[in-house]
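Letter by letter, the chains look like this.
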Amino acid sequence: MTDQRDTQGNLLPDELRLTPLGKWIRKTSLDEFPQLINVLKGEMSLIGPRPLLMEYLPLYNQRQRLRHEVKPGITGWAQVNGRNTLNWIDRFEHDVWYVENISFILDLKILLLTALKVLKAEGISSPTSVTMEKFNGNIQHAEQTSREHNN
């Protein structure tokens with residue numbers, strides 16, 4: 001991704017900054033390999049809710065905070081059930097479901113499904129962005145649901 005900015009100094013949208021090489025790296029999930037170092041250091045797990053930006057912490061509701069009861073992972077239940085095509089609320093629900101149902105068999109299933117997702121290059125981009133929209137809290141979901149019901 002480039003560091004291109006508009007005239008006010010704000011970063012341009014991801015789709016304008018993502019280079020062809022960056023698109024290929026994302027499509028093949030090669031951008032995930034450096035996280036293996038964090039797994040080897042014990043800071044992450046292979047399977048678990050994906051780590052998110054620290055700035056999101058105050059925006060979580062009580063249920064969404066449960067995702068932090070386990071180590072973050074390179075892949076997880078949300079990734080194999082939609083990846084970046086999920087809205088934030090659904091992503092958090094998948095993360096919490098994983099925390100509440102964690103097991104060795106479930107982890108094996110997630111690993112297998114992850115391999116299939118990577119081979120098919122599914123769910124890389126959200127419906128409205130080449131990456132994922134910023135999480136603005138649970139109010140965002142209420143507004144989105146309201147718009148969907150009005151259409």
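Residues numbered from 1 in each chain as written. Predicted model: local features only at pLDDT ≥ 70, side-chain atom pairs only at ≥ 80, totals over all residues. Heavy atoms only, no water.

### Describing the side chain of Thr75
- Looking at the element boundaries, Thr75 is found in strand 2 (residues 73–75).
- Given the relative accessible area of 7%, Thr75 is considered buried.
- Apart from residues lying up to four places away in sequence, Thr75 is in contact with Leu46, Ile47, Gly48, Arg50, Val80, Ile110 and Thr114. (Helix = DSSP H or I, 4+ residues; strand = E, 2+ residues; numbered from the N terminus. Buried < 20%, exposed > 50% of the residue type's maximum accessible area, 1.4 Å probe, protein only. Contact = heavy atoms within 4.5 Å.)

### A word on the pattern of salt bridges
- One pass over the structure, following the stated rule, counts 5 salt bridges.
- Among the salt bridges present, the one from Asp3 reaches Arg5, with a minimum N-O distance of 3.2 Å.
- Since its relative accessible area comes to 44%, Arg5 is described here as partly exposed.
- The partner of Arg63 in a salt bridge is Glu93, and the shortest N-O contact between them spans 3.2 Å. Taken together, the positions of Arg63 in the loop between strand 1 (45–47) and strand 2 and Glu93 in helix 5 (residues 88–101) put the pair 30 residues apart, joining distant regions of the chain.
- Owing to a relative accessible area of 33%, Arg63 belongs among the partly exposed residues under this scheme.
- Among the charged side chains, a network of salt bridges with common partners joins Arg63, Glu93 and Glu100. (Salt bridge = Lys/Arg side-chain N within 4 Å of Asp/Glu carboxyl O.)

### Some points on the packing of aromatic side chains
- Applying the stated rule across the entire model yields 4 aromatic pairs.
- Ring centres of Tyr60 and Phe92 lie 5.2 Å apart, and the angle between their planes is 75°; this geometry places the pair in the edge-to-face category. Of this pair, Tyr60 sits in the loop between strand 1 and strand 2 while Phe92 is found in helix 5, placing the two residues 32 residues apart along the sequence.
- The structure contains a cluster of three or more aromatic residues connected by ring pairs, namely Tyr56, Tyr60, Trp88 and Phe92.
- For the cation-ring pair, Arg91 lies above Trp88, with the distance from its terminal atom to the ring centre recorded as 4.7 Å. (Phe/Tyr/Trp six-rings, centres within 6.5 Å; stacked < 30°, edge-to-face > 60°. Lys NZ or Arg CZ within 6 Å of the ring centre and 35° of its normal.)

### As for a nonpolar patch on the surface
- Among the surface-exposed residues, Leu21, Trp24, Leu30, Phe33, Leu36, Leu46, Phe104, Ile105, Leu108 and Leu111 lie close enough to one another that they form a single nonpolar patch of about 1,000 Å² accessible area.
- Those elements that provide at least two residues to the nonpolar patch are helix 2 (20–27) and helix 6 (104–120).
- Here the element with the most residues in the nonpolar patch is helix 6; it accounts for 4 residues.
- Within the fold, Leu36 resides in helix 3 (residues 35–40). (Patch = residues over 30% accessible without salt bridge, like charges linked within 9 Å, V, L, I, M, F, W, Y side chains within 5 Å. Areas by Shrake-Rupley, 256 points an atom, 1.4 Å probe, with all protein chains shown as cover.)

### Details of helix 5
- In a regular helix each residue adds 1.5 Å, so 14 residues correspond to 20 Å; helix 5 covers 20 Å between its end C-alpha atoms and thus fits that length.
- The set of residues buried in helix 5 consists of Trp88, Ile89, Arg91, Phe92, Asp95, Val96, Tyr98 and Val99.
- The N-terminus of helix 5 is capped by Asn87, whose side-chain oxygen sits 3.0 Å from the backbone nitrogen of Ile89. (Expected span 1.5 Å × (residues − 1). Polar contact = N/O pair within 3.5 Å; in protein donor to acceptor, adjacent residues only side chain to side chain.)

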